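# Close look at the chain arrangement
Chain by chain, the residues run as shown.
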Amino acid sequence: MILSDFFDKVDGIKVNNTHLYFITRVLKPDMKKSAKILDKYDFKVYQIDVNDEIRQHLHDLTKEQLQYLLRKKTEMHEYDVITDDTEQLFTYHMTNKAMSFADVVNNQLQSNPPKIKSLEDIIKTEELWAYCVGFFNKKDDWIYTFRKILSGKVAVDEKDGNKHTKLQKTIRTIFNTRSQKLELIEGETVNLDKQVDCIFYEDTFYIAKKTQFEQIIGLEEEYKVQASEVLVELIETKMIEGLDLVKQQIESNPSIHKKLVRLSKIGNYRDLSPAIIKKMQKVCKQYGDKLKIKEGKLNIEDEADIDLALKMLADYYKRGEVSGKSYGTFAGRKIDIVEAG
């Protein structure tokens, strides 16, 4: 089991071989609007000097998280846009991946990144995006963990008249258990969560938190762009009414993005016809659902209609060949049947 191997590796690595990095994101100059999100941004890696106490904390925390994942993540599967079971560890291979984030893991982390002297100077022009903990075992043998940084986790003492940033509206304090007093925190602060979103080792991400991983490397935003492209193709079929409601959902509901991307991979909508829609209606009736049809076309009037239409276009209902039992899922991989010789 790969997680137990990671735990043994980290456990055997000396605490002083634990390193902390911040990753920032900035829009590339002169980037065209048509460019893919995966290529629109530059990611930069910075080293952070930490004291022995924090280094020990990061080391212990990572082992705790690996133990937690060992208990919870019982299966390992290759990453897919839509999957059914969250109690899994997903793999995502970075070999030959054409995306800006690849430079972080393939080059920058191994090339002695510059050290941060002031967070304030950096976040004036760059977005603090994620942090990374690196564990150095021996030559070219590193394990990295990543965690997405939320904007609310960063606090900087800002000055009046700084056009790039906003003034702090709160004071930052900590309860000192030794003095038993609430004390003021001065300077720049970043909260390091007791979480690991993904692990990177030898060209592969091992994903514990799928949504956060997609945010880190840019897949989440890319899916929104792809979802809009699929919507255009659905409109071009001229077989679906009410797609303006789907357009509204794309802007306000990220969960629909992956379903639409899933449709593009299946491609069933490209052959949509009145006969196929009539078959969809029959299938829905079998499962107690009512598919709205108007003049031979799918008719979408509300969110429930969107959900049902997407289910039909994605072959949501499936039947087990052995048991004959019916299942409902957006996931699944097409299998070619081997003819008996």
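Each value, and the rule that gives it
Residues numbered from 1 in each chain as written. Predicted model: local features only at pLDDT ≥ 70, side-chain atom pairs only at ≥ 80, totals over all residues. Heavy atoms only, no water. Pairing = 2+ DSSP bridges. Helix = DSSP H or I, 4+ residues; strand = E, 2+ residues; numbered from the N terminus. Salt bridge = Lys/Arg side-chain N within 4 Å of Asp/Glu carboxyl O. Buried < 20%, exposed > 50% of the residue type's maximum accessible area, 1.4 Å probe, protein only.

### Concerning the sheet that holds strand 15 (residues 297-299)
Picture the strands of a sheet paired through backbone hydrogen bonds; they go either parallel or antiparallel. Pairing within the open sheet is mixed, and its 3 strands lie in the order 13-15-14. Each edge of the open sheet is held by one strand with a lone partner, namely strand 13 (240-241) and strand 14 (293-294). As defined by bridge partners, strand 14 adjoins strand 15 across 2 bridges and the pair is classed as antiparallel. Each residue of the ladder has a partner; that of Ile293, found in strand 15, is Leu298.

### Concerning the pattern of salt bridges
What the rule picks out here adds up to 20 salt bridges. In this structure, Arg262 engages Asp80 in a salt bridge whose closest nitrogen and oxygen atoms are separated by 3.6 Å. You can see Arg262 sitting in helix 9 (residues 255-266) and its partner Asp80 sitting in the loop between strand 3 (75-78) and strand 4 (88-93), a full 182 residues away along the chain. Each member of the pair, Arg262 as well as Asp80, is classed as buried. The salt bridge involving Lys124 is made with Asp121; its shortest N-O contact spans 3.9 Å. Taken together, the salt bridges that share partners define one network made up of Lys292, Glu301, Asp302 and Asp305.

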